[in-house]
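Geometric and topological summary
Spelled out from the first residue to the last, the chains are:
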Amino acid sequence: MSLLRVAGRPMLASMFIAGGLRSLRKPGEVAPAAEPVVRPVADRVSLLPDRTEHLVRINGAVQVVGGVMLGLGRYPRLAALAVASTLVPTTLAGHRFWEAEEPADRARQRVHFLKNLSMLGGLLIAADDTGGAPSLLWRSRHAARDLRRDARLVRRTARVTARHAAPAGGARAGRVRAGG
């Protein structure tokens, strides 16, 4: 594994671990900001808990677990996707710069919104990073190509062998009839 991955993954994960722990410990501090995003989603998806604090805790737990996994390099692609999925509602709930009335508050929220957007980009890159190994898609395509090549080779070999075996088989059959 490259030094950039070893150093970069924990750096990227640190913000999510810290933010996730805050959401787990004190969901009441985050719930009022999350309410405008949580309520419409929770009303449409019956599997989700009704209380905003519960959803804030779930979001925080995914951030902590995904952040730790990403930081340690355990299933980093899956961890990056999990954390990225939590970042979208977090950003939409916490940094609604378009609703801010004060210019200074609007500017501050826009900076945080763009920071989260940048982290989302980093997570998407991390989710696509195969660590220098070919992706599953690449491996499956090449395995299929190799199987097709092997099947063609077996067919060709069978035809050539059959062509050479046919005259010998016919001569043997003639000897059997003549002798019998």
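Above this text you will find the structure in question.
Remember, it's a predicted structure, so these values are computed and weren't measured experimentally.

Of the voids in this model, the largest pocket is the one considered here, and its volume is about 750 Å³. Going through the elements one at a time, helix 1 (3–25), helix 2 (27–44), helix 3 (52–72), helix 4 (76–94) and helix 5 (103–128) are the ones with two or more residues in the lining of the largest pocket. For the second largest pocket, the calculated volume is near 250 Å³. Class assignment of the residues belonging to the lining of the second largest pocket gives a composition of six nonpolar, three polar and five charged.

We now examine the nonpolar core. In terms of nonpolar packing, the biggest core is built from 14 residues, with Leu 12, Phe 16, Leu 70, Ala 80, Leu 87 and Leu 123 touching the most fellow members. For this core, the elements supplying multiple residues, two or more each, are helix 1, helix 4 and helix 5. Val 30, Val 37, Val 38 and Ala 42 belong to the second-largest nonpolar core, a separate cluster that totals eight residues.

On the surface, a cluster of positive charge is contributed by Arg 148, Arg 152, Arg 155, Arg 156, Arg 159 and Arg 163. Examined against the element boundaries, Arg 152 turns out to sit in helix 6 (residues 136–179).

Below, the discussion takes up the pattern of salt bridges. With the rule as written, the count across this model stands at eleven salt bridges. With its nearest N and O atoms 3.5 Å apart, the salt bridge here joins Arg 22 to Glu 29. In this structure Arg 22 comes out as partly exposed when scored by relative accessible area, which is 46%. Two residues, Glu 35 and Arg 39, come together in a salt bridge whose shortest N-O distance is 3.1 Å. Of this pair, Glu 35 and Arg 39 are both found in helix 2, four residues apart, which corresponds to roughly one turn of the helix. The exposure class assigned to Arg 39 is partly exposed, which follows from its relative accessible area of 25%. Within this structure, Arg 145, Asp 146, Arg 149 and Asp 150 form a network of salt bridges that share partners.

What counts, and where the lines are drawn
Residues numbered from 1 in each chain as written. Predicted model: local features only at pLDDT ≥ 70, side-chain atom pairs only at ≥ 80, totals over all residues. Heavy atoms only, no water. 1 Å grid on protein atoms, 1.4 Å probe; cavity = no way out; pocket = protein on both sides within 12 Å on 5 of 7 lines; lining within 4 Å. Points joined across faces, edges and corners; volume = space filled by probe spheres on them. Helix = DSSP H or I, 4+ residues; strand = E, 2+ residues; numbered from the N terminus. Nonpolar A, V, L, I, M, F, W, Y, C, P; charged D, E, K, R; others polar. Core = buried A, V, L, I, M, F, W, Y, C linked by side-chain atoms within 4.5 Å. Buried < 20%, exposed > 50% of the residue type's maximum accessible area, 1.4 Å probe, protein only. Patch = residues over 30% accessible without salt bridge, like charges linked within 9 Å, V, L, I, M, F, W, Y side chains within 5 Å. Areas by Shrake-Rupley, 256 points an atom, 1.4 Å probe, with all protein chains shown as cover. Salt bridge = Lys/Arg side-chain N within 4 Å of Asp/Glu carboxyl O. Lys, Arg positive; Asp, Glu negative; His and termini not counted. Charge placed at Lys NZ, Arg CZ, Asp CG, Glu CD.

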